[in-house]
Amino acid sequence: MRIGVLTGGGDCPGLNAVIRAIVRKGVDEYGHEFLGYRNGWKGPLENDFAELGVPQVRGILPRGGTILGSSRTNPYSIPGGVEEVTANLRAAQVDALIAIGGEDTLGVAKKLNDAGTPIVGVPKTIDNDLNATDYTFGFDTAVNIAMEAIDRLHTTAESHHRSLVVEVMGRHAGWIALHAGLAGGANVILIPERPFDLDEVARYVKHRFDTQYAAILVVAEGAVPQGGAEMLQKGELDAFGHTRLGGVGQWLADALEERTGFESRAVVLGHVQRGGTPTAFDRVLATRFGLAAIDAAHEGEFGVMTALSGTQITRVPLAAATAKLKTVPVERYAEAEVFFG
Ligand code: F6P
């Protein structure tokens, strides 16, 4: 078989580990040939690919980012885009595609698969918000980076009697905020799923100072104050209809300083959370996803995504993976609330 591989959406630690596993097993055990499409869906759209063999994947297991490059290109938002993609794949004699991405990339994969292009999906996102899988790779790395940042910020918060607000990624789902906040011992965690009451947050902060501690707050970029709206860095929509979020951390720090009288500062972790080498957990998960993806393609099972269910790697329909986002359930947030204030 001739199989195309692409990585779409935001980069994510573990992408290279998936690519390596697909190619190593695909070449060594099944004798398949691979084409690496560059920059997500832009690759098949512009017929931009290169041979992807074992020599190309040597040494990439611990490397962050993606050797294939990535983009947020959406062939469905470009007139004639889908026809172009299909014609280019046919001309390159591609029998199947493995698409590694989050909700947007896999949403395109689902539609193309339904229209007749055989595709296997692999779930990628540091946000961990893809449905039908317990975890996505990249999440564990992002949480560990954010936790380490929180650990380090405790020093300044305590020495200077300041509130420190840590803004983490998470557009619609607060998984990174929840896990990093729990692991780092944050006193308040604010997530997009639960609009927050500013007065209540200020009470938690005051209580923290009353009990001779300084406050550390973790806020997801998509968190909103009750009655308010998402805070934007840029209102312009990308090809998948997303705005660029950012600013809630600084807004909250200013509002808390005014309400509590204690100095408050904001730290935005941004792309640091997606950078660098993946954790062992993510390397193993990404490798297992890659092995499962090439097995599915080899067996001719398309329209599926590899998934983690408990400790088992399974295959789920792309439809289930993209039907809705996996957000933080009320009871998981309640576990964190025990430690607020
Ligand atoms: O998709 C993951 C994500 O990290 C989101 O949490 C965040 O809003 C977005 O990517 C930012 O992506 P970009 O680098 O394209 O602005």
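Just so you know, these numbers come straight off a predicted model, no measurement behind them. (Residues numbered from 1 in each chain as written. Predicted model: local features only at pLDDT ≥ 70, side-chain atom pairs only at ≥ 80, totals over all residues. Heavy atoms only, no water.)

Asker: Give me the lowdown on the side chain of lysine 326, citing residues and values where you can.
Answerer: Structurally, lysine 326 can be placed in the loop between α11 (318–323) and α12 (330–337). Although lysine 326 lies buried, it forms no salt bridge, and the closest oppositely charged side chain, aspartate 134, sits 6.1 Å away as judged by the N-O distance. A polar atom in the side chain of lysine 326 sits 3.3 Å from the backbone oxygen of asparagine 128. Among the polar contacts made by the side chain of lysine 326, one reaches the main-chain carbonyl oxygen of aspartate 134 at a distance of 3.0 Å. Those residues within four positions of lysine 326 in sequence are excluded, and the remaining contacts are Asn128, Asp129, Leu130, Asn131, Thr133, Asp134, Tyr135, Ala173 and Trp175. (Helix = DSSP H or I, 4+ residues; strand = E, 2+ residues; numbered from the N terminus. Buried < 20%, exposed > 50% of the residue type's maximum accessible area, 1.4 Å probe, protein only. Lys, Arg positive; Asp, Glu negative; His and termini not counted. Salt bridge = Lys/Arg side-chain N within 4 Å of Asp/Glu carboxyl O. Polar contact = N/O pair within 3.5 Å; in protein donor to acceptor, adjacent residues only side chain to side chain. Contact = heavy atoms within 4.5 Å.)

Asker: I'd love a proper account of the pairing of strand β13 (residues 312–317), names of residues and values included.
Answerer: As defined by bridge partners, strand β12 (residues 304–309) adjoins β13 across 6 bridges and the pair is classed as antiparallel. Following the sheet pairing, alanine 307 is matched in β13 by threonine 314. The hairpin formed by β12 and β13 contains 2 residues between the paired strands, and glycine 310 there has a positive phi angle of roughly 65 degrees. (Pairing = 2+ DSSP bridges.)

Asker: How would you sum up the nonpolar core? Please name residues and give values.
Answerer: Of all hydrophobic cores here, the largest spans 79 residues; its most connected members are Ile98, Ile100, Phe137, Leu190, Leu217, Leu252 and Leu256. At 8 residues, helix α6 (residues 139–160) tops the list of elements feeding residues into this core. In this structure, Leu35, Leu45, Ala92 and Val94 belong to the second largest nonpolar core, which totals 24 residues. (Core = buried A, V, L, I, M, F, W, Y, C linked by side-chain atoms within 4.5 Å.)

Asker: How would you sum up the domain arrangement of the protein chain? Please name residues and give values.
Answerer: As assigned here, the protein chain comprises domain 1 (2–137 + 278–322) and domain 2 (140–275). A straight line from the C-alpha centre of domain 1 to that of domain 2 covers 32 Å. Taken together, the contact between domain 1 and domain 2 spans 19 residues of the former and 17 residues of the latter. For the domain 1 and domain 2 pair, buried surface summed over both sides reaches about 1600 Å², with 57% attributable to carbon and sulfur atoms. Between domain 1 and domain 2 we count 7 residue pairs in polar contact (both at pLDDT 80 or more) in total. Mapped onto the side of domain 1 that touches domain 2, the elements with two or more residues apiece are α5 (103–114) and α10 (280–299). Of all the elements, α5 adds the most residues to the side of domain 1 that touches domain 2, at 3 residues. (Domains from an automatic or database assignment. Buried area = accessible area lost by both parts, 1.4 Å probe.)

Asker: Can you tell me about the packing of aromatic side chains, naming the residues and giving the values?
Answerer: With the rule as written, the count across this model stands at 8 aromatic pairs. Both rings, one in tyrosine 135 and one in phenylalanine 139, keep their centres 5.9 Å apart while their planes meet at 20 degrees; by these two values the pair is stacked. Using a relative accessible area of 3% as the deciding quantity, one classes phenylalanine 139 as buried. In this structure an aromatic cluster arises from ring pairing among Tyr135, Phe139 and Phe281. (Phe/Tyr/Trp six-rings, centres within 6.5 Å; stacked < 30°, edge-to-face > 60°.)

Asker: Help me get a handle on the packing of α6 against helix α7 (residues 175–184), residues and values and all.
Answerer: Here α6 crosses α7 at 45 degrees, and the two axes come no closer than 8 Å. The orientation of α6 relative to α7 falls into the category oblique. Classified by chirality, the crossing of α7 by α6 is right-handed. Contacts between α6 and α7 involve Phe139, Ala142, Val143, Ala146, Met147, Ile150, Asp151 and His154 from the former and Trp175, Ile176, His179, Ala180, Gly181, Ala183 and Gly184 from the latter. (Axes fitted to C-alpha atoms, helices over the stretch in contact; angles between N-to-C directions. Parallel < 35°, antiparallel > 145°, perpendicular 65-115°, else oblique. Left-handed = near helix turned anticlockwise from the far one by under 90°.)

Asker: I'd like to hear about the site of the ligand, residue by residue, with values.
Answerer: In the region of the ligand, the neighbouring residues are Arg72, Ile126, Asp127, Met169, Gly170, Arg171, Glu221, His271 and Arg274. Separating an oxygen atom of the ligand from a side-chain N or O atom of histidine 271 is a distance of 2.6 Å. Contact with the protein chains removes 79% of the 400 Å² of surface that the ligand exposes when unbound. The class makeup of the residues in the shell around the ligand is 2 nonpolar, 2 polar and 5 charged. Both domains that meet at the shell around the ligand, namely domain 1 (2–137 + 278–322) and domain 2 (140–275), each give it at least three residues. (Near = heavy atom within 4 Å. Areas by Shrake-Rupley, 256 points an atom, 1.4 Å probe, with all protein chains shown as cover. Nonpolar A, V, L, I, M, F, W, Y, C, P; charged D, E, K, R; others polar.)

Asker: Can you tell me about the pattern of salt bridges, naming the residues and giving the values?
Answerer: Per the counting criterion, the structure on display carries 16 salt bridges. Of the charged contacts in the structure, one is a salt bridge between glutamate 33 and arginine 2, with a shortest N-O distance of 2.8 Å. With glutamate 33 in strand β2 (residues 33–37) and arginine 2 in strand β1 (residues 2–7), this pair connects stretches of sequence that are 31 residues apart. Through salt bridges with shared partners, a single ionic network connects Arg162, Glu263 and Arg265.

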